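Now for the letters of each chain:
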Amino acid sequence: MSAQPPDQNPEPTVSKIEQGLRALNVEFTCQQVEKLEQFIGLLQKWNNSFNLVADSSEDELISRHLLDSLSISEHISGSIVADIGSGAGFPGVPLAIFHPHTRFILLDSNGKKTRFLFQVKLALGLENLTVENCRIEHYQSFEQIDIVTCRAFSTLQDTVVLGDSLLGESTRLLAMKGRFPQSEVDALPDGFRVTNSTALDIPGLPVERHLVEIGRTG
């Protein structure tokens, strides 16, 4: 009995990133997946010296950071997004990869982290990404910022106070949180209110995640 010939057209291997993006219902191209893989590689390399994230294992980076960041992709609109306290680039870098026609400004006061972000910008060819090494409250924008994003940054109260100059009348603050932060919502200063909140389901991340949207009142 002759052996069966090998399959001439094997199914392509589906990466963990692709599986996660499909679970999130986020459309993607091969180039975008390659850039995410590049980003993970750079982060793992730099993390050995600069401790950018607590756990740089591939599974942790994909679920807890990449997919978590891209879970808010559908909420991104407008021309300019400021990612405050960007740290190792979450959610700013993944969102910049998936929204090439939107300008992303990544703000962080830590020089080591902003040097890493600048290297990411160059290595991935992200022309729509700007890196600023400064404290949030000191940054002055001469352009209208449409969205401000933050992830694991601070309380909602501190975020709107520190980012006050970035939050115009029509600017939306998208704050990524774990459990719904009711006490933080109750402590928002006058002039700000929650306009929307969304429970996020992150593939491979069995913890509560919420997106809280805040805007100015009146």
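Because the structure is a prediction, the values reported are computed rather than measured.

Calculation notes
- Residues numbered from 1 in each chain as written.
- Predicted model: local features only at pLDDT ≥ 70, side-chain atom pairs only at ≥ 80, totals over all residues.
- Heavy atoms only, no water.
- Phe/Tyr/Trp six-rings, centres within 6.5 Å; stacked < 30°, edge-to-face > 60°.
- Helix = DSSP H or I, 4+ residues; strand = E, 2+ residues; numbered from the N terminus.
- Buried < 20%, exposed > 50% of the residue type's maximum accessible area, 1.4 Å probe, protein only.
- Contact = heavy atoms within 4.5 Å.
- Salt bridge = Lys/Arg side-chain N within 4 Å of Asp/Glu carboxyl O.
- Axes fitted to C-alpha atoms, helices over the stretch in contact; angles between N-to-C directions.
- Parallel < 35°, antiparallel > 145°, perpendicular 65-115°, else oblique.
- Left-handed = near helix turned anticlockwise from the far one by under 90°.
- Nonpolar A, V, L, I, M, F, W, Y, C, P; charged D, E, K, R; others polar.

Considering the packing of aromatic side chains
Logical step 1: Within this structure, the stated rule accounts for 4 aromatic pairs.
Logical step 2: Measuring from ring centre to ring centre gives 5.3 Å for Phe39 and Phe90, while their planes differ by 45 degrees; the resulting arrangement is tilted. Here the residue Phe39 occupies a position in helix H2 (residues 30-50), and Phe90 occupies one in the loop between strand E1 (80-84) and helix H4 (92-98), the gap between them amounting to 51 residues.
Logical step 3: With a centroid separation of 6.3 Å and 25 degrees between ring planes, the pair formed by Phe39 and Phe116 is classed as stacked. Highlighted residues: Phe39 in helix H2 and Phe116 in helix H5 (residues 111-124), separated in sequence by 77 residues.
Logical step 4: In textbook terms, an aromatic cluster arises when at least three aromatic residues are bridged by ring pairs, as seen for Phe39, Trp46, Phe50, Phe90 and Phe116.

Examining the environment of Asp59
Logical step 1: Tracing the backbone shows Asp59 in helix H3 (residues 58-70).
Logical step 2: Relative accessible area serves as the criterion here: at 45%, Asp59 is assigned to the partly exposed category.
Logical step 3: Residues Asp59 and Asn47 lie 12 residues apart in sequence; the distance between their C-alpha atoms is 15 Å.

Digging into H3
Logical step 1: Of the positions making up H3, those classed as buried are Leu61, Ile62, Ser63, His65, Leu66, Leu67, Asp68, Ser69 and Leu70.
Logical step 2: Its buried side turned inward, H3 meets helix H1 (16-23), H2, H4, strand E4 (147-151), strand E5 (172-177) and strand E7 (209-216).

Structural notes on the pattern of salt bridges
Logical step 1: Applying the stated criterion across every chain yields a total of 11 salt bridges.
Logical step 2: For Lys16, the salt bridge identified is with Glu58, shortest N-O distance 3.9 Å. Here the residue Lys16 occupies a position in helix H1, and Glu58 occupies one in helix H3, the gap between them amounting to 42 residues.
Logical step 3: In this structure, a network of salt bridges that share partners links the residues Lys16, Glu58 and Asp59.

Some remarks on the packing of H2 against H5
Logical step 1: Here H2 crosses H5 at 150 degrees, and the two axes come no closer than 11 Å. Considering the angle they form, H2 stands roughly antiparallel to H5. Like other packed secondary-structure pairs, H2 and H5 cross with a definite hand, here right-handed. Taken together, the residues of H5 that come into contact with H2 (itself represented by Lys35, Gln38, Phe39, Leu42, Leu43, Trp46 and Phe50) are Lys112, Arg115, Phe116, Gln119, Val120, Ala123 and Leu124.
Logical step 2: For the contact of H2 with H5, a count of residues per class yields 9 nonpolar, 2 polar and 3 charged.

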